[in-house]
Each structure stands twice: as structure tokens, then as C-alpha cells.
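Chain and residue survey
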Amino acid sequence: MDGGAAISDPRSGGSGYDCTSKPPSARQLFPHKPELCLTGPSKRFPGAAVDEILRDVVESYLREQRYEPAQCREVAKDIAEMVKARVKDLVIPRYKIVVVTHIGQLDEQSMQIGSRCLWDPVSDTFSSYVFKNTSLFAVANVYGVYFE
């Protein structure tokens, strides 16, 4: 069978179906659900606003904090929850928000923190903030992943 031939659809009583025609769009199939027809974010992820949230929250929690492992574990969770709540208050439609916070002791050692994500570089992004005081360091990352 060559590529442009019409074929018979047995469910339709023998009427032809043209294989070369375009399938219906989401707008045609679901006219009552216009949100299914979006091809990208209607509003960009507000990186500058998220950077400001990260800075405010991390500094308010850690400015005078001394490194104590058990306490810092809880503070890292609290920072992540607070950042996530404040970013969600920005009401960024169709973005999934992931917050990761690391806190460690400053004691003449080095550490590298890396992350890898599979995403669309056009619509997905992240914000990051690094904090240090005399006793500890913190790295807080917010990932904004567009959900289609």
C-alpha cells in the first residue's frame, strides 16, 4: 500500500479514511477544556521574586544560627517548607515547585553539591541561594518545572 492511499475503516461501514489527513487537535477534541490546548507557560517562572524569597527566608532562619546537627536538620526542613509556601503564594500556573535545602558545618573542608534534572530548557528553570555565617553554610534551590 502506498503512503497516500485511502483505507477502509470497518467500524464505519466501509467509508474511506485518508491516512494523510492531520489528526484532530486538542482544541477540536476538547473544546470545553481550553487549558488542554496550551503549548507552553502563559506566565514565566518569576526567577527574581523567587531569588528574593530564598534570600529572605534563609537569612531570617540562619543569620544567628550555630551549627548543631540535630537542630540544623529540622531548620533545613522548615526552610524548605517556608520557601515552598511563599513560592506557591506567587500563584504560578502549571508549575510544579521542588525545594531542596542543605545545611552543613563550616570547618575548613570542601563540599560539592550537584543536581541533575531532565527538563525543557525553554520553560523549566531554577533559583539558588548560598548562605554562610561563622559556623555553617546553607544552599537552597527551588526548581520550577512546567507541567503540561
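Residues numbered from 1 in each chain as written. Predicted model: local features only at pLDDT ≥ 70, side-chain atom pairs only at ≥ 80, totals over all residues. Heavy atoms only, no water.

Observations regarding the overall build of the chain
- A tally of regular secondary structure across the chain gives 3 helices and 5 strands.
- Beginning at the N terminus, the succession of helices and strands in the chain can be written as β-β-α-α-α-β-β-β.
- Residue burial in the chain is summarised as follows: out of 148 residues, 27% are buried.
- For the chain, long-range pairs separated by at least 24 residues make up 68% of all intrachain contacts whose partners lie at least 6 apart in sequence.
- About 10,300 Å² of surface is accessible on the chain, with carbon and sulfur atoms providing 53% of the total. (Helix = DSSP H or I, 4+ residues; strand = E, 2+ residues; numbered from the N terminus. Buried < 20%, exposed > 50% of the residue type's maximum accessible area, 1.4 Å probe, protein only. Contact = heavy atoms within 4.5 Å. Areas by Shrake-Rupley, 256 points an atom, 1.4 Å probe, with all protein chains shown as cover.)

Quick look at unusual backbone geometry
- The phi torsion at arginine 94 lies on the positive side, around 65°, for a residue other than glycine.
- Topologically, arginine 94 is positioned in the loop between helix 3 (69–88) and strand 3 (95–105).
- Phi is positive for glutamate 108, which is not a glycine, with a value near 55°.
- Relative to the assigned elements, glutamate 108 resides in the loop between strand 3 and strand 4 (125–132).
- Since its relative accessible area comes to 85%, glutamate 108 is described here as exposed.

Some remarks on the packing of aromatic side chains
- Under the defined criterion, the tally for this structure stands at 5 aromatic pairs.
- Summarising the aromatic geometry, the rings of phenylalanine 45 and tyrosine 95 are spaced 5.5 Å apart at their centres and angled 50° between planes, so their arrangement reads as tilted. One end of the pair, phenylalanine 45, is in the loop between helix 1 (26–29) and helix 2 (47–62); the other, tyrosine 95, is in strand 3, and 50 residues separate them in sequence. An identical accessibility class is assigned to phenylalanine 45 and tyrosine 95; each is buried.
- Summarising the aromatic geometry, the rings of phenylalanine 126 and tyrosine 143 are spaced 6.3 Å apart at their centres and angled 35° between planes, so their arrangement reads as tilted. With phenylalanine 126 in strand 4 and tyrosine 143 in strand 5 (residues 136–146), the pair connects residues that are 17 residues apart, well separated along the chain.
- Of the residues examined, phenylalanine 126 reaches a relative accessible area of 45% and is grouped as partly exposed.
- The rings of Phe45, Tyr95 and Tyr146 are connected pair by pair, giving a single aromatic cluster. (Phe/Tyr/Trp six-rings, centres within 6.5 Å; stacked < 30°, edge-to-face > 60°.)

Some thoughts on the confidence of the model for the chain
- Of the residues in the chain, 74% have a pLDDT of 70 or more, and the chain-wide mean is 83.
- Note that pLDDT drops below 50 for residues 1–12; the model gives that stretch 15 contacts with residues more than four away or on any other chain. (pLDDT = per-residue confidence, 0-100.)

Here we look at the sheet that holds strand 5
- Strand order in the open sheet made by the 3 strands is 3-5-4, with antiparallel pairing throughout. Lying at the two open borders of the sheet, with one neighbouring strand each, are strand 3 and strand 4. In this sheet, adjacent strand axes meet at a mean angle of 10° when their direction is disregarded.
- The pairing of strand 3 with strand 5 spans 11 bridges and is antiparallel. Counterpart to isoleucine 103 in the pairing with strand 5 is alanine 138.
- Helix-sheet contacts for helix 2 involve strand 3, strand 4 and strand 5, and the interaxial angle to strand 4 is about 25°.
- Along the sheet, helix 3 contacts strand 3 and strand 5; its crossing angle with strand 3, the most-contacted strand, is approximately 155°. (Pairing = 2+ DSSP bridges. Axes fitted to C-alpha atoms, helices over the stretch in contact; angles between N-to-C directions.)

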